[in-house]
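The residues making up each chain are set out below.
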Amino acid sequence: MISNFLVKSVGFLTTPIFTRLLTKADFGAYNNYTSWLSIISVFLTLNLHATLISARYDYEDRFDQYIFSMLGLSSLVSFIGLVIVNVFPAQISAFFQIDIRYMNAMLAYLLFFPAITMFQTKEVYLFEYKKSVFCSLLLAISTALLSVVLVVVMHDKLEARILGSVVPTIVLGIILFVFFGMRGKKIITSFWKYALPISLPYIPHLLSMSLLNSMDRVMITRYCGNEQTALYSLAYSCGAIVTILLTAINNAFAPWLANNLNCKNYKEIRSFSYKYITIFFILVVGIMLLSPEILLILGGKSYMEAIYVLAPVSMGCACQFLYTMYVNVEQFLKKTVGMAIASAVAACVNYVLNYIFIRRIGYLAAAYTTLAGYLCLLAIHIYLVKRLGMSDVFNAKYVIATVIVGVVIMVGITWLYSYSIIRHIVIVAYFVVLTIFLFVNKHNIKRIQMILK
């Protein structure tokens, strides 16, 4: 959990450097690049690392050979993608609105990135966490340092930023590819027949989630230009602090939840969820209140016009926290088809709303359409868990009431962004109330700490 938080934080903490070294156009173009990267990676990597959890037992004596075979399959798919890009360079560049050089860099990245993912996944399943943590931190720190150095010394800042993000992954990926090649010796295509039926059903779900998280920036670039993408992307990064918090906490919460689901301790889960949800939303409110200061630190005054994106993005991430609780239940019951359907529906809703409102209103609309997508996702997951006969696990009425209250607070805080003095008075009041709340509920806080630990 700590490693995951640190790795995400490295990229977050370098944001103020890049917003000042890159022009808005370059910063926006880079975020368009990373948005397409997250979408294309779903197709080219095939999510093959997800098959390792079962292959570890089914091919225990040939595990390294299995991994090398998976790398062979992902490399073949990425190579085909590389060929297509260079056969139709003009069409590809026009469609993605990315220079063909950067498309080639993206494909080179995806050619070797699976080796890193496979290595880390293998080490975690074998409980060798130190190697996985070292690999994550090495990649995050080297990427951040090289990116900053290249952006400072190179004339083409966008090219420097992309090279800085690609080169460390390619170098480490080649090393690990050779490592698995020496251990696996040869590629066995029969392993592909085992892996594809497991990995392919995940693609609609992963693609839909990637579209939900990335399509807003892609469509802003298409309809509004790179500069507005830059404004939206930085504000989205500020709100996404909630996501970093969510990921770190859920990594600790999910095993506890699974254990109690296995023991059918539904009352215990339900009782804990009230405190869990309440405390998380209190923290989200604090992030909303402080978002203008965060935006100022990360981007400077030139990005402050994006201030009104912050609250709805934070609220959307809070809804992501809520539906993740329900997703944990679905994954425990191995009912993942509904997950794919829910993600696809939410992605379609988000796309349609983006298409309608981004062209009319601009990048600000994307924050609210993304929130609408997450609300849709939450509603579907509540319904799915109810259909699975697990409505006793969480109190849906309490969850819905929390969302309603959260949206009302979001509207109020958005209004406060125009009145700095009043907002700072509210911030002081918030921290006073928070201190009192933590003191009164110190026993519950200690219990939550104990459960997460």
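Use the structure listed above.
Residues numbered from 1 in each chain as written. Predicted model: local features only at pLDDT ≥ 70, side-chain atom pairs only at ≥ 80, totals over all residues. Heavy atoms only, no water.

Caption draft 1: Region of interest: the overall build of the chain. In terms of regular secondary structure, the chain is built from 20 helices and zero strands. The C-alpha atoms of the chain give 22 Å as radius of gyration, which agrees with the globular expectation for 453 residues (22 Å, within 12%). Along the three orthogonal principal directions, the C-alpha set of the chain runs to about 60 × 55 × 40 Å. Taken over 453 residues, the chain has a buried fraction of 52%. Summarising the internal contacts of the chain: among those between residues at least 6 apart in sequence, 82% fall at separations of at least 24. For the chain, the exposed area adds up to about 20900 Å²; of that, 70% sits on carbon and sulfur atoms. Between the averaged position of the 34 positive side-chain charges in the chain and that of its 17 negative side-chain charges there is a distance of 8 Å. (Helix = DSSP H or I, 4+ residues; strand = E, 2+ residues; numbered from the N terminus. Rg over C-alpha atoms; globule rule 2.2 N^0.38 Å. Buried < 20%, exposed > 50% of the residue type's maximum accessible area, 1.4 Å probe, protein only. Contact = heavy atoms within 4.5 Å. Areas by Shrake-Rupley, 256 points an atom, 1.4 Å probe, with all protein chains shown as cover. Lys, Arg positive; Asp, Glu negative; His and termini not counted. Charge placed at Lys NZ, Arg CZ, Asp CG, Glu CD.)

Caption draft 2: Region of the structure containing the nonpolar core. Tyr66, Met103, Met106, Phe321 and Leu322 are the most contacted members of the largest nonpolar core, which has 138 residues in total. Apart from the residues within four sequence positions on either side, Tyr66 is in contact with Thr51, Leu52, Ala55, Tyr59, Phe191, Tyr194 and Ala195. (Core = buried A, V, L, I, M, F, W, Y, C linked by side-chain atoms within 4.5 Å.)

Caption draft 3: Representation of the side chain of Gln65. Tracing the backbone shows Gln65 in helix α5 (residues 63–87). Classification of Gln65 as buried rests on a relative accessible area of 14%. Ignoring sequence-local partners within four residues, the contact set of Gln65 consists of Gly184, Lys186, Ile188 and Phe191.

Caption draft 4: Expanded view of the environment of Val329. By the secondary structure assignment, Val329 is in helix α15 (residues 310–332). Using a relative accessible area of 0% as the deciding quantity, one classes Val329 as buried. Not counting residues within four places of it along the chain, the set of residues in contact with Val329 comprises Leu257, Leu261, Val385, Met390, Val393 and Phe394.

Caption draft 5: Summary view of the pattern of salt bridges. Enumeration over the complete set of coordinates arrives at eight salt bridges. Between Asp99 and Arg101 there is a salt bridge, and its shortest N-O distance comes to 3.1 Å. Judged by its relative accessible area of 33%, Asp99 falls in the partly exposed class. The class of Arg101 is partly exposed, set by a relative accessible area of 41%. Among the charged side chains, a salt-bridge network with shared partners connects Asp99, Arg101, Asp156 and Glu159. (Salt bridge = Lys/Arg side-chain N within 4 Å of Asp/Glu carboxyl O.)

Caption draft 6: Quick look at the packing of aromatic side chains. Within the structure shown, the criterion is met by 28 aromatic pairs. Linked through ring pairs, Tyr59, Tyr66, Phe191 and Tyr194 together constitute an aromatic cluster. Looking at Arg359, its charged tip hangs above the ring of Tyr223, at a distance of 5.7 Å from the centre. Over the ring of Tyr355 we find Arg359, and its NZ or CZ is 4.0 Å from the ring centre. (Phe/Tyr/Trp six-rings, centres within 6.5 Å; stacked < 30°, edge-to-face > 60°. Lys NZ or Arg CZ within 6 Å of the ring centre and 35° of its normal.)

Caption draft 7: Highlighting the packing of helix α16 (residues 337–361) against helix α17 (residues 364–387). Where α16 meets α17, the closest approach of the two axes is 8 Å, and the angle between their N-to-C directions is 160 degrees. Considered as vectors, α16 and α17 are oriented roughly antiparallel to each other. The interaxial crossing formed by α16 with α17 has right-handed handedness. Taken together, the residues of the contact of α16 with α17 sort by class into 16 nonpolar, eight polar and no charged. (Axes fitted to C-alpha atoms, helices over the stretch in contact; angles between N-to-C directions. Parallel < 35°, antiparallel > 145°, perpendicular 65-115°, else oblique. Left-handed = near helix turned anticlockwise from the far one by under 90°. Nonpolar A, V, L, I, M, F, W, Y, C, P; charged D, E, K, R; others polar.)

Caption draft 8: Up close: α15. Helix length check: α15, at 23 residues, gives a terminal C-alpha distance of 33 Å against a target of 33 Å (1.5 Å per residue), a fit within 8%. Within α15, 21 of the 23 residues are buried, which leaves it mostly tucked inside the rest of the structure. (Expected span 1.5 Å × (residues − 1).)

Any link to function would need more than the numbers given here.
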